[in-house]
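Structural description and commentary
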Amino acid sequence: FPVTICYGDGPLAGQIAELVKNKENIHFKGMIPNEKLVEKLNTYIGAVVPSLWREGFPMVVLEYLRAGVPIITTKGNNVSQIVKLSKSGVEFQIDLKEELSKALETVASSREIFSVRAIQHFESHYSEKKWLKELMSIVAETISEDLVVK
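Conventions and cut-offs
Residues numbered from 1 in each chain as written. Predicted model: local features only at pLDDT ≥ 70, side-chain atom pairs only at ≥ 80, totals over all residues. Heavy atoms only, no water. Axes fitted to C-alpha atoms, helices over the stretch in contact; angles between N-to-C directions. Helix = DSSP H or I, 4+ residues; strand = E, 2+ residues; numbered from the N terminus. Parallel < 35°, antiparallel > 145°, perpendicular 65-115°, else oblique. Left-handed = near helix turned anticlockwise from the far one by under 90°. Contact = heavy atoms within 4.5 Å. Nonpolar A, V, L, I, M, F, W, Y, C, P; charged D, E, K, R; others polar. 1 Å grid on protein atoms, 1.4 Å probe; cavity = no way out; pocket = protein on both sides within 12 Å on 5 of 7 lines; lining within 4 Å. Points joined across faces, edges and corners; volume = space filled by probe spheres on them. Phe/Tyr/Trp six-rings, centres within 6.5 Å; stacked < 30°, edge-to-face > 60°. Buried < 20%, exposed > 50% of the residue type's maximum accessible area, 1.4 Å probe, protein only. Core = buried A, V, L, I, M, F, W, Y, C linked by side-chain atoms within 4.5 Å. Pairing = 2+ DSSP bridges. Right-handed = clockwise from strand over helix to strand, strands pointing away. Salt bridge = Lys/Arg side-chain N within 4 Å of Asp/Glu carboxyl O.

Some thoughts on the packing of helix 3 (residues 59-67) against helix 6 (residues 111-125)
Packed helix pairs are characterised by how far apart their axes lie and by the angle those axes make with each other. At a minimum axis distance of 6 Å, the contact between helix 3 and helix 6 shows a crossing angle of 115 degrees. Between helix 3 and helix 6, the interaxial angle falls into the category roughly perpendicular. Judged by the sense of rotation from one axis to the other, the crossing of helix 3 with helix 6 is left-handed. Along the contact surface, helix 3 presents Leu62, Leu65, Arg66 and Ala67, while helix 6 presents Ala118, Ile119, His121 and Phe122. Of the residues belonging to the contact of helix 3 with helix 6, the class tally is six nonpolar, one polar and one charged.

Here it is, written out as structure tokens:
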């Protein structure tokens, strides 16, 4: 079996650590500094983000994009929309094992291309610089409107 490494913290961290402590292929590392996380993620060939639900925007997706990790996700969820837009990974049909296998092969063989696209998408849509620019635009617009009202 492939090795699964989990990073993070939260109210269930203790239970998760206890649950996987004797598993050879699952390693729970707990919380690590963000810079270290990016460093660790840079070594990944890709990351599978399977979901049957149309959940919002999982933070792990931002972490993968920032680190340039290609994303392999199921078709039809919100993560698949990000993958399509950014061209930073591959989608697969959740109930077809062959599609997941093919997606893994595609990402492994084209990792550099997907990685560059992931980083570019992060920088152009979610970076600190981008968010500050958006925030300043909102502030400027609010000030401008406030001056017109008075």
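As for the layout of surface pockets
Approximately 950 Å³ is the volume found for the largest pocket. Forming the boundary of the largest pocket are 27 residues, of which Ile5, Tyr44, Gly46, Ala47 and Tyr64 lie nearest the centre. When residues of the lining of the largest pocket are traced back to their parent elements, those giving at least two are strand 1 (4-7), helix 2 (34-41), strand 3 (47-49), helix 3 and helix 5 (97-109). Per-class residue counts for the lining of the largest pocket are 22 nonpolar, four polar and one charged.

Let's talk about the packing of aromatic side chains
Throughout the structure, instances matching the rule amount to one aromatic pair. Summarising the aromatic geometry, the rings of Phe57 and Tyr126 are spaced 5.4 Å apart at their centres and angled 55 degrees between planes, so their arrangement reads as tilted. Highlighted residues: Phe57 in the loop between strand 3 and helix 3 and Tyr126 in the loop between helix 6 and helix 7 (128-149), separated in sequence by 69 residues. Under the relative-accessibility criterion, Phe57 is labelled partly exposed at 33%. Note on Tyr126: relative accessible area 17%, which makes it buried.

Description of the nonpolar core
Buried together is how nonpolar side chains tend to be arranged in soluble globular proteins. Counting residues in each nonpolar core, the largest one holds 19 residues, and the members touching the most others are Leu41, Val61, Tyr64, Leu65, Val69, Ile71 and Val79. Residue assignment for this core shows that the elements contributing at least two residues are helix 2, strand 3, helix 3, helix 4 (78-86) and helix 6. Contact partners of Tyr64, with chain neighbours within four places excluded, come to Leu41, Ala47, Val49, Val69 and Ile71. In this structure, Val90, Phe92, Ala103 and Val107 belong to the second largest nonpolar core, which totals six residues.

Notes on the pairing of strand 1
Here strand 1 runs beside strand 2 (residues 26-30); their pairing, made up of four bridges, is parallel. Within strand 2, the position partnered with Cys6 by the bridge is Phe28. Crossover connection from strand 1 via helix 1 (residues 13-20) to parallel strand 2: handedness right-handed.

A short note on the pattern of salt bridges
Applying the stated criterion to the full structure yields three salt bridges. Where Glu99 meets Lys75, a salt bridge forms, and the shortest distance between an N and an O atom there is 3.5 Å. Placement of Glu99 in helix 5 and of Lys75 in the loop between strand 4 (71-74) and helix 4 is noted, with a sequence separation of 24 residues between them. Looking at Lys75, the relative accessible area reads 41%, which means it is partly exposed. Between Glu134 and Lys130 there is a salt bridge whose closest N-O contact spans 3.2 Å.

Here we look at the environment of Ser101
In this fold, Ser101 is placed in helix 5. Taking relative accessible area as the criterion, Ser101 reaches 36% and is therefore assigned partly exposed. Sequence separation of Ser101 and Thr142 is 41 residues, and the distance between their C-alpha atoms is 50 Å.

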